[in-house]
Amino acid sequence: MMACSCRQHSCSLLSRALFVKNTSIRRNASWFASLMNINTSDSDGQKEGLLDKLFVRSVAPVKDAHSRLLATKEHVYELQIHDIKPEAFHDYKEAAEQHLRNRHEDGSIPCKLFGSWVTTFGQQDQAIHLWLYENGYRDIMETRAMLNSDPNYLKYKRERSKMLISRENQLLQAFSFWGDPEPRTTKNNIYEMRSYHLKPGTMIEWGNNWARGIECRRANAENIAGLFTQIGDLYMVHHIWAYENLQRRKEIREDTWRKPGWDSCVAYTVPLIRKMKSRIMVPFAHSPLQ
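Caption draft 1: Summary view of the pairing of strand β6 (residues 164–174). Where strand β3 (residues 76–84) lies against β6, eight bridges are found, and the strand directions are antiparallel. Among the inter-strand pairings, Glu78 is bridged to a residue of β6, identified as Leu171. Relative to strand β8 (residues 223–231), β6 runs antiparallel, the two being bridged by four bridges. When the sheet's bridge partners are listed, Leu171 is paired in β8 with Ile231.

Here you go:
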């Protein structure tokens, strides 16, 4: 009699366990199905499942260079990044302001200083210089030849080498959809350079989404430059923004999330990123952008 009772109790426990397990499976299956069916509207009115935005969509093969598909001008930019010895920062600042201003104002050298900054938040004791070559690589080669035969530049280069920990440069082009920068109506701006290291093969996808997303960032004229590398760290994108101050930056970025289409831009581009970095910068006195 006791053996029969024990068997009935064991069967009852097993039945309950199976019921709980099956119920859990059904609930999980129902939750997953509902997740797949959650629809969000894209900026073009099409609806997609939430999970569709979590993965990089397939990109159609392209039959032309990124530089021709994403940029329409011959312009090439050179981004110079200098890591300065902390004890030499004052000497570096004085030497750079004199030399870079002279080089920018010398009409015989085919390059122009676009902007020149020092970081205040992010990596410290770092200088960022951005040069514009309107005729592309021809101007770069001519500028290099002229500087390497200029005694003043060679002297500056020797002095600078004693002040630096490291330096690097990149050659970039501007996204055609970004547009040319407008002169700032106010001075004493802060600038943010957001740098994105993308997964190889995703640059066209990035450009397609940001061509729509940038429309959400034009109202306050904070969009300064959108650049992508041709030489240096490849699949690098740099976005440069200008703000009156950090508080205004916070307000503009929060307001952007209330604009239709911005959520889609972020959702589609985040999976394309391998790593990213943000720098807050202030302009040197000689910088054309203030």
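Now that the structure has been shown, the text picks up again.
Caption draft 2: View of the sheet that holds strand β10 (residues 273–283). Pairing is antiparallel in the closed barrel, where eight strands are placed in the order β3-β5-β4-β10-β7-β9-β8-β6. Sheet twist, expressed as the mean angle between neighbouring strand axes with direction ignored, is 35°. Judged from the six bridges that link them, strand β4 (residues 112–121) and strand β5 (residues 126–133) form a sheet pairing that is antiparallel. Of the residues in β5, the one forming a bridge with Lys112 is Leu132. Along the sheet, helix α3 (residues 89–105) contacts β3, β4, β5 and β6; its crossing angle with β5, the most-contacted strand, is approximately 10°. Sheet strands touched by helix α7 (residues 246–256): β4, β7 (190–198), β9 (236–243) and β10. Its angle to β7, the strand with the most contacts, is close to 50°.

Caption draft 3: Helix α5 (residues 151–161), seen in detail. Three or more residues of α5 are buried, namely Tyr153, Tyr156 and Arg160. Projection of α5 onto a plane perpendicular to its axis shows the buried side chains occupying an angular sector of 60°, all on one side. Exposed and facing more than 90 degrees away from the buried side of α5 are Pro151 and Arg158. The N-cap of α5, judged by a side-chain oxygen 3.0 Å from the amide nitrogen of Asn152 a few residues on, is Asp150.

Caption draft 4: Looking closely at the layout of surface pockets. In this model, the largest pocket occupies a volume close to 360 Å³. Taken together, 16 residues make up the lining of the largest pocket; nearest its centre are His99, Asn102, Asn152, Tyr153 and Tyr156. Of all elements in the fold, only α3, α4 (137–148) and α5 reach the threshold of two or more residues within the lining of the largest pocket. For the lining of the largest pocket, the residue count by class is six nonpolar, five polar and five charged.

Caption draft 5: Seen up close, the pattern of salt bridges. Going through the model one piece at a time under the given rule, you end up with 10 salt bridges. Residue Lys93 pairs with Glu97 through a salt bridge whose shortest N-O separation is 3.4 Å. Of this pair, Lys93 and Glu97 are both found in helix α3, four residues apart, which corresponds to roughly one turn of the helix. Since its relative accessible area comes to 32%, Lys93 is described here as partly exposed. The shortest N-O distance in the salt bridge between Glu192 and Arg249 comes to 2.9 Å. One end of the pair, Glu192, is in strand β7; the other, Arg249, is in helix α7, with 57 residues separating them in the sequence. Within the structure, one salt-bridge network assembled from shared partners comprises Glu192, Arg194 and Arg249.

Caption draft 6: Spotlight on α4. With 12 residues, α4 ought to run about 16 Å at 1.5 Å a step, and its terminal C-alpha atoms sit 17 Å apart, in line with that. Listed in full, the buried residues belonging to α4 are Asp139, Ile140, Thr143 and Leu147. Projected down its long axis, α4 shows its buried positions confined to an angular sector of 100°, all on one face. The exposed residues of α4 that point more than 90 degrees off its buried face are Arg138 and Met141. Packed against the buried residues of α4 are β3, α3, β5, α5 and β6.

Caption draft 7: Structural context of the pairing of β3. In terms of burial, β3 is largely enclosed, as nine of its nine residues are buried. Burial of β3 is two-sided: the residues Val76, Glu78, Gln80, His82 and Ile84 facing one way and the residues Tyr77, Leu79, Ile81 and Asp83 facing the other way are all buried. Examined bridge by bridge, β3 and β5 share eight bridges and lie antiparallel to one another. Bridged to Tyr77 within β5 is Leu132.

What counts, and at which threshold
Starting from 1, residues in each chain are numbered consecutively following that chain's sequence as written. At least 70 in pLDDT is required for a residue's local features to be given in this predicted model, at least 80 for side-chain atom pairs to be given and counted, and no such filter applies to totals for whole chains, interfaces and linings, which use all residues. Here the side-chain values reflect all heavy atoms present in the structure, with hydrogen atoms and water set aside. Should DSSP find at least two bridges between two strands, the strands are taken to pair. Counting from the N terminus, the helices are the DSSP runs of H or I reaching at least four residues and the strands are the DSSP runs of E reaching at least two. Here, axes are lines fitted to C-alpha atoms. For helices the fit covers the stretch in contact, and angles between N-to-C directions go from 0 to 180 degrees. In this analysis, two residues are considered to be in contact whenever any of their non-hydrogen atoms come within 4.5 Å of each other. Remark: exposure states derive from per-residue accessible area (1.4 Å probe, protein chains only) relative to the maximum for the residue type, with buried under 20%, exposed over 50%, and partly exposed in between. By definition, the arc is the one covered by directions from the helix axis to the C-beta atoms. N or O atoms within 3.5 Å of each other form a polar contact, as long as, within protein, one can give a hydrogen and the other can take it, and as long as residues adjacent in sequence are counted only when both atoms are side-chain atoms. As defined here, a cavity is a set of points on a 1 Å grid over the protein atoms alone where a 1.4 Å probe fits but cannot get out. A pocket is an open set with protein on both sides within 12 Å along at least five of seven lines, and residues line them when an atom is within 4 Å of a point. Grid points are joined across faces, edges and corners, and a volume is the space filled by probe spheres set on the points. Under this grouping Gly is polar, as are all residues other than the nonpolar Ala, Val, Leu, Ile, Met, Phe, Trp, Tyr, Cys and Pro and the charged Asp, Glu, Lys and Arg. A carboxyl oxygen of Asp or Glu within 4 Å of a side-chain nitrogen of Lys or Arg is what we treat as a salt bridge. Given a helix with a known number of residues, its expected span is that number minus one, times 1.5 Å.

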